[in-house]
Amino acid sequence: AMACMLRVRRVREDALGRQNGPHPEIGTILNNMACVQYELGDYKRAESLLQEALDLQREVFTTEPDFLKGVSIVLCNIAFLHAKSGSFPKALIELEGAMQIRQDILLEHSSRMSEITENMAHLLAIHQLQHGAVNLDEITEVYITMLRKSER
């Protein structure tokens, strides 16, 4: 699967041309490659590819909505990797960045961001659970309610 993804990347880079620098679409390909690496269990390589995608997105920044949504997706995936390794504060920072793009720049309604809100609530709840809380589902619901109120 990875060899195929690398071939896709090379073909797209050749098709899009490199004379004007990298193309925003390559960030999406890097994100997809990171997801493959994650599924294969290579978390360090997945993180490296996600960072490469984010660096490329910073370099080729555009205000096109699809591009910005792609940046948001990469941030969510980086957050997932941080959460998986137990770095909940880092994960929350990435999720906040993703939410800020979707809410403040793309002006998406909060109902379209429920997945990000629920992930943030779940991370906060897990963090509380590690510090003595007893019911993960109950704490998660409290945080979801709190985060949704703050979005209004």
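Residues numbered from 1 in each chain as written. Predicted model: local features only at pLDDT ≥ 70, side-chain atom pairs only at ≥ 80, totals over all residues. Heavy atoms only, no water.

Draft legend 1. Local environment of the pattern of salt bridges. Taken as a whole and judged by the stated rule, the model has 2 salt bridges. With its nearest N and O atoms 3.4 Å apart, the salt bridge here joins R58 to D55. Of the two residues, R58 and D55 both sit in helix α3 (residues 43-59), 3 residues apart, roughly one turn of that helix. One salt bridge in this structure joins R102 and E108, with 2.7 Å as the shortest N-O distance. Taking the relative accessible area as the measure of exposure, E108 reaches 12% and is therefore buried. (Salt bridge = Lys/Arg side-chain N within 4 Å of Asp/Glu carboxyl O. Helix = DSSP H or I, 4+ residues; strand = E, 2+ residues; numbered from the N terminus. Buried < 20%, exposed > 50% of the residue type's maximum accessible area, 1.4 Å probe, protein only.)

Draft legend 2. Inspection of helix α6 (residues 114-130) at higher detail. Taking 1.5 Å as the rise per residue, α6 with 17 residues should run 24 Å; its terminal C-alpha atoms sit 24 Å apart, in good agreement. Listed as buried for α6 are I116, T117, M120, A121, L123 and A125. Looking one or two places after α6, you find G132, whose phi comes out positive at around 110°. (Expected span 1.5 Å × (residues − 1).)

Draft legend 3. Summary view of the packing of aromatic side chains. All chains considered together, the criterion is met by 3 aromatic pairs. Between Y38 and F80, the aromatic rings sit 5.4 Å apart at their centres with planes inclined by 75°, giving edge-to-face as the arrangement. Here the residue Y38 occupies a position in helix α2 (residues 25-39), and F80 occupies one in helix α4 (residues 65-84), the gap between them amounting to 42 residues. Exposure remark for F80: the relative accessible area of 45% places this residue in the partly exposed category. (Phe/Tyr/Trp six-rings, centres within 6.5 Å; stacked < 30°, edge-to-face > 60°.)

Draft legend 4. Here's a closer look at the packing of α2 against α4. Two elements in contact, α2 and α4, have axes separated by 10 Å at closest approach and are oriented at 25°. Put simply, α2 runs roughly parallel to α4. Along this stretch, α2 crosses α4, giving a crossing that reads as left-handed. Every residue of α4 that contacts α2 at N31, C35 and Y38 is listed here: I73, V74, N77, F80, L81 and K84. (Axes fitted to C-alpha atoms, helices over the stretch in contact; angles between N-to-C directions. Parallel < 35°, antiparallel > 145°, perpendicular 65-115°, else oblique. Left-handed = near helix turned anticlockwise from the far one by under 90°. Contact = heavy atoms within 4.5 Å.)

Draft legend 5. Geometry of unusual backbone geometry. Not every positive phi belongs to a glycine, and L107 is a case in point at roughly 55°. Tracing the backbone through its elements, the reader meets L107 in the loop between α5 (88-105) and α6. Relative accessible area serves as the criterion here: at 66%, L107 is assigned to the exposed category.

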